[in-house]
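Analysis of the macromolecular model
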Amino acid sequence: MTDRGSAEDARTTFRRGLRLGVPFGAISFLLSLSFAVLARQAGFSTTQAIVTCAIVFAGSAQFAMLAVVVAGGGIPAALTAASLMNSRFLAMGVALAPSLPGGPLKRALQGQAVVDSSWALANRGDGTFDRWLLFGTTLPQYVTWTLGAVVGAVFGDALGDTHRFGLDAIYPTFFLSILVAELRVPEARWAAVGGGLVALALVPLTPPGIPILAASAVALLGLTRRRP
């Protein structure tokens, strides 16, 4: 295949990723808006709420951090909770790395585009990932995530209590939609069942984040046993 053909394929795949990312982008907008409103109520400034969303770009980690801060916990505890919530990206990064070209730094920069939905959609089902589909799917999510943070931080006082809008149901629905897409791969079903059982067993026994870390380890074990 010529370089021109490869470039055209990359653009086509990227545009397809943009289309696939739009529905998830709508969810991202609502989630970041909710976070920004809650962050302002917890004492964050408008700038702090917006910058946190723009830099961290990880909803579950941000909400975990915010919960610790609201409960009176210190910065180390908040960062630990956020890190544990994002521990699943370790397994996801291990799986994605072989599909990214270049040296360690270039691959690390490309890896910043990884979010749950993009990772799942870019998975070809054979252990490899389409990086241009990943990039395309993430872009609209990042744009709407940042925009939602701006709206929530600036106009959040007019919304009041976001729970009355049912925004707390968005996260479970979001992750379930990703899980459904992943379950098309037979090996992924066993990894999902194993990870789910481990997380369910640990939820009443361990601090927030630990169940996700253990479930990620189970998923990684399932990945190593996946047939090529």
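What you see is a predicted model, and the numbers here were worked out from it, not measured in a lab.

Considerations on the nonpolar core
- Of all hydrophobic cores here, the largest spans 24 residues; its most connected members are Phe35, Ala39, Phe44, Ala49, Met65 and Leu66.
- Elements supplying a minimum of two residues to this core: α1 (3-41), α2 (46-56), α3 (59-70), α4 (75-85) and α8 (131-159).
- The contact partners of Phe44, leaving out residues within four places of it in the chain, are Ala39, Ala49, Thr52, Met65, Leu66 and Val69.
- Of all hydrophobic cores here, the second largest spans twelve residues; its members include Ala113, Val114, Trp119 and Ala122.

So, the side chain of Thr52
- Along the chain, the position of Thr52 falls in helix α2.
- Looking at Thr52, the relative accessible area reads 15%, which means it is buried.
- Contact partners of Thr52, with chain neighbours within four places excluded, come to Phe35, Phe44, Phe57, Gln62 and Met65.

Side note on unusual backbone geometry
- For Phe57, which is not glycine, the phi dihedral falls at a positive 50°.
- Mapped onto the fold, Phe57 is located in the loop between α2 and α3.
- Take Phe57: its relative accessible area is 16%, and that puts it in the buried class.

So, helix α5 (residues 88-96)
- Among all positions of α5, only Arg88, Ala91, Met92, Ala95 and Leu96 are buried. Along the axis of α5, the buried residues cluster in a sector spanning 135°; they form a single face.

So, α3
- Its twelve residues give α3 an end-to-end C-alpha distance of 16 Å, which sits within 8% of 16 Å, the value for a rise of 1.5 Å per residue.
- Inspection of α3 places Gly59, Ser60, Ala61, Gln62, Ala64, Met65, Leu66 and Val68 among the buried residues, and these make up the whole buried set.
- Two residues or fewer after α3 comes Gly72, characterised by a positive phi angle close to 95°.

Describing the UniProt feature "transmembrane region" (unreviewed entry) in the chain
- Those places that UniProt annotates as "transmembrane region" (unreviewed entry) correspond, in this numbering, to residues 20-38, 50-79, 142-160, 167-185 and 197-223.
- Across residues 20-38, helical content stands at 100% and strand content at 0%; the span's end C-alpha atoms are separated by 29 Å.

Quick notes on a nonpolar patch on the surface
- Taken together, the side chains of Val51, Ile55 and Val56 make up a nonpolar region of the molecular surface, amounting to roughly 270 Å² of accessible area.
- Take Ile55: it is sitting in helix α2.

Basis of the calculations
- Throughout, a residue's number is its position along its own chain's written sequence, starting from 1.
- This being a predicted model, a pLDDT of at least 70 is required before a residue's local features are given, and a value of 80 or more before pairs of side-chain atoms are given or counted; all residues contribute to the totals for chains, interfaces and linings.
- As a convention, hydrogens and water are excluded, and side-chain values are obtained from all of the structure's heavy atoms.
- Take the buried residues of types Ala, Val, Leu, Ile, Met, Phe, Trp, Tyr and Cys, join any two whose side-chain atoms come within 4.5 Å, and each joined set is a nonpolar core.
- When accessible area is computed with a 1.4 Å probe and restricted to protein chains, residues below 20% of their type maximum are described as buried, those above 50% as exposed, and intermediate ones as partly exposed.
- The secondary structure listing takes helices from DSSP runs of H or I that are at least 4 residues long and strands from runs of E that are at least 2 residues long, numbered from the N terminus.
- Should any heavy atoms of two residues lie within 4.5 Å, those residues are counted as being in contact.
- Regarding the arc, it is the one traced by the directions from the helix axis to the C-beta atoms.
- Here a helix's expected span is defined as the number of its residues, less one, multiplied by 1.5 Å.
- UniProt positions are given in the numbering used here, feature names are shortened, and annotations may be inferred rather than shown by experiment.
- Note on patches: the residues involved have over 30% relative accessible area and no salt bridge, like charges join within 9 Å, and the nonpolar side chains Val, Leu, Ile, Met, Phe, Trp and Tyr join within 5 Å.
- For accessible areas, the Shrake-Rupley method is used with a probe of radius 1.4 Å. Any residue's cover is judged against the shown protein chains and nothing else.
- Any carboxyl oxygen of Asp or Glu within 4 Å of a side-chain nitrogen of Lys or Arg constitutes a salt bridge here.

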